[in-house]
Amino acid sequence: MRVPLTDALIREAIANISFEGDLIRYEPYGSGHINDTFAVYFGLKGKTHRYILQRINTDIFKDADRLMENIGGVTAYLKKEIIARGGDYTRETLNVVPTIDGKPYYRDSADGCWRGYLFIEDATTFDTVKDPKDFYNAARAFGKFQNLLASYPAETLHETIPQFHDTAKRYRDFEAAVAADKMGRAKDVEAEIAFVRAREADTHVLVDMLASGELPLKVTHNDTKLNNVMIDDATGEGISVIDLDTVMPGLSLYDFGDSIRFGASTAAEDEKDLDKVWMDINLYEIYLKGFLETVGDGLTANERKMLPMGAKLMTLECGMRFLADYLEGDVYFRLHYPEQNLDRCRTQFKLVADMERQWAEMAALVEKY
Ligand code: ADP
Ligand code: GN1
Ligand code: MG
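None of the values given here were measured: they were computed from a predicted structure.

Undergrad: I would appreciate a short explanation of the sheet that holds strand S9 (residues 229-232) in the present structure.
TA: Spatial strand order, S7-S9-S10: three strands in an open sheet with antiparallel pairing. Edge positions in the sheet fall to strand S7 (123-124) and strand S10 (238-241), since each of these pairs with one other strand and no more. Note that S7 and S9 share two bridges and pair antiparallel. What sits directly across from Thr-124, in S9, is Ile-231.

Next comes the structure, spelled out in structure tokens:
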């Protein structure tokens with residue numbers, strides 16, 4: 001287990017990564033659910049600049065060496081592609097700042113694993129869609145990311161979280177959490193548990209198609225929420241896909257689906273007022289258009305046909321994971337208040353139900369593009 005963060009541990013990490021300049025201050029940064037992220041400010045030649053510092057969540061990513069090997073491989077590959085296209089690799093992909101010993105991450109005195117990244121400036125990550133254009137541009141960025149990685153040597157990638165989007169396995173884990181009922185909370189969430197159980201058959205659909213060869217395995221991002229893409233403040237384009245911890249073999253439908261889950265919702269992931277939570281079909285269409293424009297003509301007929309199922313299953317799966325975490329005592333996702341996992345799971349189930357209501361339209365839109 002990771003120890004609680006202290007100022008001393010953070011400063012130890014900062015001192016051991018080859019950041020340039022004199023430390024001014026650091027502050028918690030972003031709204032990711034997994035790693036501990038900081039912006040660290042330095043003064044250099046009369047100017048202030050900053051870096052990203054992260055303590056890797058090693059409770060989840062148990063092998064930091066392999067994780068950082070993946071990130072090193074993928075970012076080096078992207079850097080080459082970006083340079084070949086005349087782009088700016090310091091903004092268009094993540095750049096690891098090595099430790100003072102030249103290693104990709106620093107292991108602190110309490111066994112915490114820390115990495116530094118160049119800060120991608122003049123770009124923003126969003127937690128909800130404010131302007132549909134941003135969502136369209138996010139779609140283009142994630143489509144392009146998948147297209148670029150189509151020729152990446154998949155066999156060199158480690159599986160950083162085994163069976164990450166195996167929804168059937170996620171369902172079994174969920175049932176195990178209900179059976180254990182460690183916190184005695186199951187009695188309070190009977191409706192939510194029933195909602196999942198009624199859809200057990202769905203959880204097999206994509207993994208079965210993968211197993212039978214009806215869907216191809218690709219190199220995918222696997223965590224394509226809107227706040228994992230940086231939107232350029234000047235051009236509005238999706239300048240950089242970030243949070244590369246889960247880049248590994250997966251289905252194109254996972255990347256499409258997880259973006260819809262998060263970005264096509266009319267409300268925040270933890271909105272308490274479910275009357276505000278819908279799957280906005282216009283945002284779904286905008287994303288579909290942008291994604292298909294850049295993902296290349298690599299999508300097979302089956303992949304296209306299953307895009308709505310990708311959206312529904314990623315949403316159901318995420319809701320199941322939030323609910324399982326609630327039942328297990330909130331050990332996985334970062335919380336900002338006690339019942340947040342329950343609020344999160346309820347928005348996901350509301351979205352699933354809303355997708356089911358709009359199913360015919362979701363399928364018709366795939367036909368349109
Ligand atoms: P988590 O796995 O916890 O989601 P992320 O890697 O997504 O962690 O980082 C959390 C947030 O920090 C991102 O959503 C983004 O806002 C910000 N961030 C991460 N890396 C960078 C970077 N290189 N430059 C600027 N902002 C970043
Ligand atoms: C986590 O790391 P972050 O916040 O981008 C999670 C995703 C979930 C998402 C739900 C490694 O993503 O799988 O879909 O929360 N990442 C991991 O918001 O479990
Ligand atoms: Mg993230």
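Undergrad: Mind showing me how you'd approach the environment of Thr-300 here?
TA: Within the secondary structure layout, Thr-300 lies in the loop between helix H9 (281-294) and helix H10 (301-305). C-alpha of Thr-300 to C-alpha of Ala-39: the two residues are 261 residues apart in sequence and 41 Å apart in space.

Undergrad: Where do I start with the packing of aromatic side chains in this structure?
TA: By convention here, two paired aromatic rings are described through the distance between centres and the angle between planes. All chains considered together, the criterion is met by 16 aromatic pairs. Judged by centre distance (5.4 Å) and plane angle (75°), the ring pair of Tyr-29 and Phe-119 falls under edge-to-face. Remark: Phe-119 occurs in the loop between strand S6 (113-118) and S7 and Tyr-29 occurs in the loop between strand S1 (22-28) and strand S2 (36-44); sequence separation between them is 90 residues. Judged by relative accessible area, which is 11%, Phe-119 ranks as buried. Measuring from centroid to centroid gives 5.9 Å for Tyr-287 and Phe-291, while their planes differ by 20°, and the two rings are stacked. In this pair, Tyr-287 and Phe-291 both sit in helix H9, four residues apart, roughly one turn of the helix. On the basis of relative accessible area, Tyr-287 is assigned to the buried category, the value being 1%. Aromatic rings pair up to connect Phe-135, Phe-256, Tyr-284, Tyr-287 and Phe-291 into one cluster. Above the face of the Tyr-89 ring, Lys-79 is positioned so that its terminal group lies 4.3 Å from the ring centre. Over the face of the ring belonging to Tyr-326 we find Arg-185, whose NZ or CZ atom lies 4.3 Å from the ring centre.

Undergrad: Would you explain the side chain of Asp-232 in this entry?
TA: Examined against the element boundaries, Asp-232 turns out to sit in strand S9. With relative accessibility at 7%, the residue Asp-232 sits in the buried group. Separated by 3.0 Å, the side chains of Asp-232 and Arg-91 make a polar contact.

Undergrad: Help me understand the packing of helix H6 (residues 190-197) against helix H11 (residues 307-327) in this model?
TA: Packed helices, taken two at a time, are described by the angle between their axes plus the distance between the axes. Interhelical geometry of H6 versus H11 gives an angle of 145° and a closest axis separation of 11 Å. Between H6 and H11 the crossing geometry is left-handed. On H11, the residues that touch Glu-192, Ile-193, Phe-195 and Val-196 of H6 are Leu-316, Met-320 and Leu-323. Across the contact of H6 with H11, the residue classes tally to six nonpolar, no polar and one charged.

Undergrad: What's the story with the site of ligand 1 in this structure? I'm lost.
TA: Near ligand 1 lie 20 residues; those nearest to it are Asn-35, Gln-54, Ile-120, Thr-125 and Asn-227. Contact distances for ligand 1 include 3.1 Å between an oxygen atom and a backbone N or O atom of Ile-34. Here Leu-118 contributes a backbone N or O atom positioned 3.0 Å from a nitrogen atom of ligand 1. Protein chains shield 96% of the accessible area of ligand 1, which is 550 Å² for the free molecule. Of all the elements in the fold, those that place two or more residues in the shell around ligand 1 are strand S3 (47-55) and S6. A class-by-class count of the residues in the shell around ligand 1 yields 10 nonpolar, nine polar and one charged.

Undergrad: Which parts of the structure should I look at to understand the coordination of the magnesium ion (ligand 3)?
TA: A metal bound by six donors in octahedral fashion has ideal angles of 90 or 180 degrees, whereas one bound by four tetrahedral donors has an ideal angle of 109.5 degrees. Donor atoms from the polypeptide that bind the magnesium ion (ligand 3) are Asn-228 (OD1) and Asp-243 (OD), placed at 2.2 Å. Of this pair, Asn-228 sits in the loop between strand S8 (218-220) and S9 while Asp-243 is found in the loop between S10 and strand S11 (248-250), placing the two residues 15 residues apart along the sequence. Given the relative accessible area of 5%, Asn-228 is considered buried.

Rules used in this analysis
Residues numbered from 1 in each chain as written. Chains lettered and ligands numbered in written order. Predicted model: local features only at pLDDT ≥ 70, side-chain atom pairs only at ≥ 80, totals over all residues. Heavy atoms only, no water. Pairing = 2+ DSSP bridges. Helix = DSSP H or I, 4+ residues; strand = E, 2+ residues; numbered from the N terminus. Phe/Tyr/Trp six-rings, centres within 6.5 Å; stacked < 30°, edge-to-face > 60°. Buried < 20%, exposed > 50% of the residue type's maximum accessible area, 1.4 Å probe, protein only. Lys NZ or Arg CZ within 6 Å of the ring centre and 35° of its normal. Polar contact = N/O pair within 3.5 Å; in protein donor to acceptor, adjacent residues only side chain to side chain. Axes fitted to C-alpha atoms, helices over the stretch in contact; angles between N-to-C directions. Left-handed = near helix turned anticlockwise from the far one by under 90°. Contact = heavy atoms within 4.5 Å. Nonpolar A, V, L, I, M, F, W, Y, C, P; charged D, E, K, R; others polar. Near = heavy atom within 4 Å. Areas by Shrake-Rupley, 256 points an atom, 1.4 Å probe, with all protein chains shown as cover. Donors = N, O, S within 2.8 Å, 3.2 Å for Na, K, Ca; no water.

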